[in-house]
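Summary of the model geometry
Residue-level listing of the chains:
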Protein chains: 2
Amino acid sequence: MIRVAVDAMGGDNAPSEIVAGAVEAVSAKPEIQVLLVGQEDKVKAELSKYAFSKERIQVVNATEIIATEEPPVNAIRKKKDSSIVVGMNLVKTGEADAFVSAGSSGAILVGGQVIVGRIKGVERPPLAPLIPTEKGVSLLIDCGANVDARASHLVQFAQMGSIYMEHVMGLKNPRVAIVNIGAEEEKGNALVKETFPLLKACKGINFTGSIEAREIPHGGADVIVCEAFVGNVILKLYEGVGASLIRMVKDGMMATLRSKTGALLVKPALKETLKSFDASQHGGAPLLGLKGLVVKTHGNSRRTEVRNSIIQCVTFKEQAINDKIQAALSTQNKEPHE
Amino acid sequence: MIRVAVDAMGGDNAPSEIVAGAVEAVSAKPEIQVLLVGQEDKVKAELSKYAFSKERIQVVNATEIIATEEPPVNAIRKKKDSSIVVGMNLVKTGEADAFVSAGSSGAILVGGQVIVGRIKGVERPPLAPLIPTEKGVSLLIDCGANVDARASHLVQFAQMGSIYMEHVMGLKNPRVAIVNIGAEEEKGNALVKETFPLLKACKGINFTGSIEAREIPHGGADVIVCEAFVGNVILKLYEGVGASLIRMVKDGMMATLRSKTGALLVKPALKETLKSFDASQHGGAPLLGLKGLVVKTHGNSRRTEVRNSIIQCVTFKEQAINDKIQAALSTQNKEPHE
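This one's a predicted model, so the numbers in the text were calculated from it and none came from an experiment.

Moving on, we come to the interface of chain A and chain B. Taken together, the 52 residues of chain A in the interface contact 52 residues of chain B. Between chain A and chain B the total buried area reaches about 4800 Å² when both faces are included, carbon and sulfur atoms providing 75% of it. On the surface where chain A and chain B come into contact, there are 6 salt bridges. The residue Glu134(A) makes a salt bridge to Arg247(B) at a minimum N-O spacing of 2.5 Å. Residue composition of the side of chain A that touches chain B, by class: 29 nonpolar, 15 polar and 8 charged.

Okay, here's the thing in structure tokens:
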């Protein structure tokens, strides 16, 4: 049995789509139990629309809501009865194995560190979304709030990302690369130049060198290491260019009568293709390196993404990812790498 | 009359496509004279395929070639008779107004600073490509080799970029934004936080605040300011996501017999749409802030991009961009901005 606390009040489509996703998750996987955290009356009203087994979904009352625009440190400190704080406390006390939220990224990142806490030896917990590529998915690590990272942080990101891709995604010996502005070892900014030799020397990862941003959508590496500012730019530009191009393709197909006729014939096949480039198919982004699991899903998540985010917690727990992270980091720390 | 020195030996398709582009440029614009710099026999052999007026295209012999993988500082220092060094010397001595090359980015950036030289007051010359958006084009500044930039550099990028967009691209009062990981002023890494108030205080630019990477393809700003590492990631990811998606759209349309039929009908309209998202339509990237003009075109440029890159030098000279840059920076420098 795995117990997942879910923030029923977080994101643009809360609570309706969150509750729907929770119901879908427990239907899909018999080993999941969900604790829906939020304003009891609202959550129960939504739940009443569905048939489900009562012991599989419970409601945990939390009267407050942290808004996206609230300064996160303050929000976590003051809103003790918010869905995020209450949900994270369930993980801290062991009443839940994981917490899934579509709410404020900042509050989730701060709460993860302050409430759930880091695994011993982890310097910074990275936020690591899966991004679609032509070949499948890659893990982009870090996209969190840890800007101005140090080289040692990036080495840990590479280690944690490798473990995640190997044991959660089932990819043997995942290729790790660092985002750089050229393929040669001497290229890069000060941070990349400092990190490169440390990654080369790091045991237990399959480091393949630098990756230029152009190669990311092509599937050039499985674990894409970068500091959070660059990671955030990559993640958001991915969404932006994708959305713009798809919009333009659609407009282009509506341009003439001839092309409109063609569009009708092309549509089903095209939809299937573009679906594989849709990030929401791949669940949420884990915040790695915490004592427990915290998963951030898109703010605009609908039931499918919520469902997938809950389901991904199962493998994470079954594979004892946190034990593996702790073991990897403590081995590395024993061997001086400079 | 404007004289453009063109690197006949630079890029994947030299000399044939470069020479063809030069011939097209002089046919298109009567005020252009081209100096084709490279191995005389090879260049003349290519030229012999075309009819053109002899006084409009001259060949300047340069026996050496700088390869893309050569360390740029060394290459510029040692290969005195390379097409890049000879071409840049023509700009330095005033024999040419501009130099266009599809060759080694590194060598062009180093040569621009060392041979052509910076305008007085310019701290770092940024490489500033135009990137396609849903609304037209935006200037991405800096995508050069100036990694680990300081806040004062970014302020100058904003000023130079504004002048370019207003006077070369003809865009009144261009919107300037800094690439950031959130829209709020308190967001960002140390560099962005330091730069933001300086941009706010900077006279003569229309600073609109932060831009998230997601908004760039949508046309969220006209001048996109960032340091070179981030700029390089944006530029290359743009190309990468675009190429992957277009490949997937094509594959998707070939998936079934039904969609293949549709593809035939859709193709002409779609091609027209996607053309507007093709960077090669917009010429090369100027290296701004130099005493003269240096334009870097894609390494895989074909005749159209070479032609456009040569033609864009006309407006640059006619509008006296360098005088405007010098005037803007000296005004700014007189007013302490902190």
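The next thing to look at is the pairing of strand 1 (residues 2-7) of chain B. All names here are of chain B. Taking burial as the measure, the 6 residues of strand 1 include 5 buried ones, the bulk of the element. Across 6 bridges, strand 1 lies against strand 2 (residues 32-38) in parallel orientation. Each bridged residue has a counterpart across the sheet, and for aspartate 7 the counterpart in strand 2 is valine 37. Crossover handedness for the path strand 1 to helix 1 (residues 16-28) to strand 2: right-handed. Direction of pairing for strand 1 relative to strand 4 (residues 98-101): parallel, over a ladder of 3 bridges. Residue valine 6 lies in a different strand from strand 4, and its bridge partner there is valine 100.

All names here are of chain A. Spatially, 6 strands are ordered 3-2-1-4-11-10 in an open sheet, and the strand pairing comes out mixed. Unpaired on one side and paired on the other, strand 3 (57-61) and strand 10 (285-287) mark the two borders of the sheet. Strand-to-strand twist in this sheet, taken as the mean axis angle between neighbours without regard to direction, amounts to 25 degrees. Bridging between strand 2 (residues 32-38) and strand 3 involves 5 bridges; their strand directions are parallel. Of the residues in strand 3, the one forming a bridge with valine 34 is isoleucine 57. Contacting strand 1 (2-7), strand 2 and strand 3, helix 1 (residues 16-28) crosses the sheet at an angle of about 165 degrees to strand 2.

The next thing to look at is the relation of the copies chain A and chain B. Think of it as a corkscrew move, a rotation about one axis and a shift along it, taking one chain copy to the other. The two copies are related by a screw operation: chain A maps onto chain B through 180 degrees of rotation and 0.0 Å of translation along the axis, at an RMSD of 0.0 Å. Such a combination of turn and shift is consistent with a two-fold rotation axis. Closest approach to the rotation axis among the C-alpha atoms of chain A is made by Gly262(A), whose C-alpha sits 1.8 Å away. With an isologous cut-off of 70% or more, the 100% of interface residues of chain A that recur at the interface of chain B puts this contact in the isologous class.

As a further point, take empty space enclosed by the protein. In this approach, a probe sized like a water molecule rolls over the atoms, and the result shows the empty space that is left. Residue and element names in this part refer to chain B. Here the structure, examined in full by the defined rule, presents 3 cavities of 30 Å³ or more. Roughly 50 Å³ of volume is contained in the largest cavity. Contributing elements (two or more residues each) for the lining of the largest cavity: strand 7 (175-179) and helix 7 (190-201). Its residues placed into classes, the lining of the largest cavity shows 8 nonpolar, 1 polar and 1 charged.

Cut-offs and rules
Residues numbered from 1 in each chain as written. Chains lettered and ligands numbered in written order. Predicted model: local features only at pLDDT ≥ 70, side-chain atom pairs only at ≥ 80, totals over all residues. Heavy atoms only, no water. Contact = heavy atoms within 4.5 Å. Buried area = accessible area lost by both parts, 1.4 Å probe. Salt bridge = Lys/Arg side-chain N within 4 Å of Asp/Glu carboxyl O. Nonpolar A, V, L, I, M, F, W, Y, C, P; charged D, E, K, R; others polar. Buried < 20%, exposed > 50% of the residue type's maximum accessible area, 1.4 Å probe, protein only. Helix = DSSP H or I, 4+ residues; strand = E, 2+ residues; numbered from the N terminus. Pairing = 2+ DSSP bridges. Right-handed = clockwise from strand over helix to strand, strands pointing away. Axes fitted to C-alpha atoms, helices over the stretch in contact; angles between N-to-C directions. Least-squares fit on C-alpha atoms with pLDDT ≥ 70 in both. 1 Å grid on protein atoms, 1.4 Å probe; cavity = no way out; pocket = protein on both sides within 12 Å on 5 of 7 lines; lining within 4 Å. Points joined across faces, edges and corners; volume = space filled by probe spheres on them.

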